[in-house]
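# A closer look at the structure
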Amino acid sequence: GESVGLHLPTLSVQEGDNSIINCAYSNSASDYFIWYKQESGKGPQFIIDIRSNMDKRQGQRVTVLLNKTVKHLSLQIAATQPGDSAVYFCAERSLETSGSRLTFGEGTQLTVNP
Amino acid sequence: DARVTQTPRHKVTEMGQEVTMRCQPILGHNTVFWYRQTMMQGLELLAYFRNRAPLDDSGMPKDRFSAEMPDATLATLKIQPSEPRDSAVYFCASGRRLAGEETQYFGPGTRLLVL
């Protein structure tokens, strides 16, 4: 079936470096994508989203890139800080095929070393 | 700062007992989601409601799980009877669709342990 998955389960970076977290999806009908951050013991927290008619969207220190040709999504975090350490999930939705249902990837554990 | 609230935050129970989890969505949000998170399966959607009506409960085991929205400010998820394999973190999320976007905001979760 259709699925969303992450390339790397763990990522370790130095404080101040830029981080890139990748996500592959397989549903060509996906029209909306979200990145969530989940800290230990907490619920997923919305970071940034992007619609399928865009290829880039920027937030505060974060940028999401969408490449529909290869069905790839990435989250870039600039000047990574220790507080960015968490598990990051991508999620996709296809309004046409599954309504408001989000399909989540497996998650990438980001560790920021001071 | 509007947030989704969930109670209880932690629940330990014995196999066979009924478990009820509650969720208060963000005021003004008309969609409520129930998720389950385990190490093995990750985040799974159990069910969701829009305007208090169930739209999709295909992810929920029907024989023991039930989800309801008695009113717009309360969603419940019940397990009866509970089993050890139900041990997980259960998240509620709420959202409101605007121009095709529907960001889901998650609560802190209920950590359930069934012995």
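Above this text you will find the structure in question.
About the thresholds
- Every chain is numbered on its own, with residues counted from 1 as its sequence reads.
- Here chains are named by letter from A upward and ligands by number from 1 upward, in the order in which they appear as written.
- In keeping with the predicted nature of the model, local features appear solely for residues at pLDDT of at least 70, side-chain atom pairs appear and are counted solely at 80 or more, and the whole-chain, interface and lining totals rest on all residues.
- To obtain the side-chain values, all non-hydrogen atoms of the structure were included, while hydrogens and water were left out.
- Throughout, a contact is declared for two residues whenever any of their heavy atoms are within 4.5 Å.
- The buried area of a pairing is the accessible area, by a 1.4 Å probe, that goes missing from both parts when the two are put together, added over both.
- In what follows, salt bridge is the name for a side-chain nitrogen of Lys or Arg lying within 4 Å of a carboxyl oxygen of Asp or Glu.
- We define a polar contact as two N or O atoms separated by no more than 3.5 Å, with the added condition that, inside protein, one atom must be a possible hydrogen donor and the other a possible acceptor, whereas residues neighbouring each other in sequence contribute only through side-chain atom pairs.
- In this description a helix means any DSSP run of H or I spanning at least four residues, a strand means any run of E spanning at least two, and both kinds are numbered starting from the N terminus.
- Note on residue classes: Ala, Val, Leu, Ile, Met, Phe, Trp, Tyr, Cys and Pro are nonpolar, Asp, Glu, Lys and Arg are charged, and everything else, Gly too, is polar.
- Buried residues are those whose accessible area, probed at 1.4 Å on protein chains only, stays under 20% of the maximum for their type, while exposed residues exceed 50% and partly exposed ones sit between those limits.
- Each pair of strands is called paired provided DSSP finds at least two bridges between the two strands.
- Each axis is a line fitted through C-alpha atoms, taken for helices only over the stretch in contact, and angles between the N-to-C directions span 0 to 180 degrees.
- Note that a disulfide, as used here, is simply two cysteine sulfur atoms within 2.5 Å.

### Here's the deal with the interface of chain B and chain A
- Across the contact, 24 residues belong to chain B and 21 residues belong to chain A.
- It is B:Leu43, B:Glu101 and B:Phe106 in chain B that bury the most area against chain A; as a group they hold 27% of the surface buried on that side.
- At the surface where chain B touches chain A, the tally comes to 1 salt bridge.
- A salt bridge links B:Asp56 to A:Arg101; the nearest nitrogen and oxygen atoms lie 3.0 Å apart.
- Across the contact surface, chain B and chain A share 10 residue pairs in polar contact (both at pLDDT 80 or more).
- Contributions of two or more residues to the side of chain B that touches chain A are made by strand 4 (31-38), strand 5 (42-50) and strand 10 (104-106) of chain B.
- Looking at the side of chain B that touches chain A element by element, the count peaks at 4 residues for strand 5 of chain B.
- Considering only residue class, the side of chain B that touches chain A consists of 10 nonpolar, 7 polar and 7 charged.

### Concerning the pairing of strand 11 (residues 110-114) of chain B
All names here are of chain B.
- On strand 11, burial follows the alternation: Thr110, Leu112 and Val114 on one face are buried, whereas Arg111 and Leu113 on the facing-out side are not.
- Sheet topology places strand 2 (residues 10-13) next to strand 11; 4 bridges connect them, and they run parallel. Along strand 11, the bridge assignment pairs valine 12 with leucine 113.
- Bridging between strand 9 (residues 88-95) and strand 11 involves 3 bridges; their strand directions are antiparallel.

### Digging into the sheet that holds strand 1 (residues 5-7) of chain B
All names here are of chain B.
- A sheet is described by the order of its strands in space; here 4 strands give the open sequence 1-3-8-7, paired in antiparallel fashion. Sheet topology places strand 1 and strand 7 (65-71) at the edges, where each strand pairs with a single neighbour. The average undirected angle you get between the axes of adjacent strands in this sheet is 20°.
- Across 5 bridges, strand 7 lies against strand 8 (residues 74-79) in antiparallel orientation. Note on strand 8: the bridge partner recorded for alanine 67 is leucine 77.

### Re the state of the cysteines
- In total, this model carries 2 disulfides over all chains according to the counting rule given.
- Each sulfur in the disulfide pair A:Cys23 and A:Cys90 lies 1.8 Å from the other. Note on the A:Cys23 and A:Cys90 pair: the S-S dihedral is about 50°, so by sign convention the disulfide is right-handed. Residue A:Cys23 is located in strand 3 (residues 19-25), and its partner A:Cys90 is located in strand 9 (residues 86-93); the two are separated by 67 residues in the primary sequence.
- We classify A:Cys23 as buried; its relative accessible area is 2%.
- Take A:Cys90: its relative accessible area is 1%, and that puts it in the buried class.
- Covalent S-S linkage joins B:Cys23 and B:Cys92, the inter-sulfur distance amounting to 1.9 Å. Here the disulfide of B:Cys23 and B:Cys92 is left-handed, its torsion about the S-S bond being about -60°. Remark: B:Cys92 occurs in strand 9 and B:Cys23 occurs in strand 3 (residues 19-24); sequence separation between them is 69 residues. B:Cys92 carries the same exposure label as B:Cys23, and that label is buried.

Interpretation note: all reported values are geometric properties and have no functional meaning in isolation.
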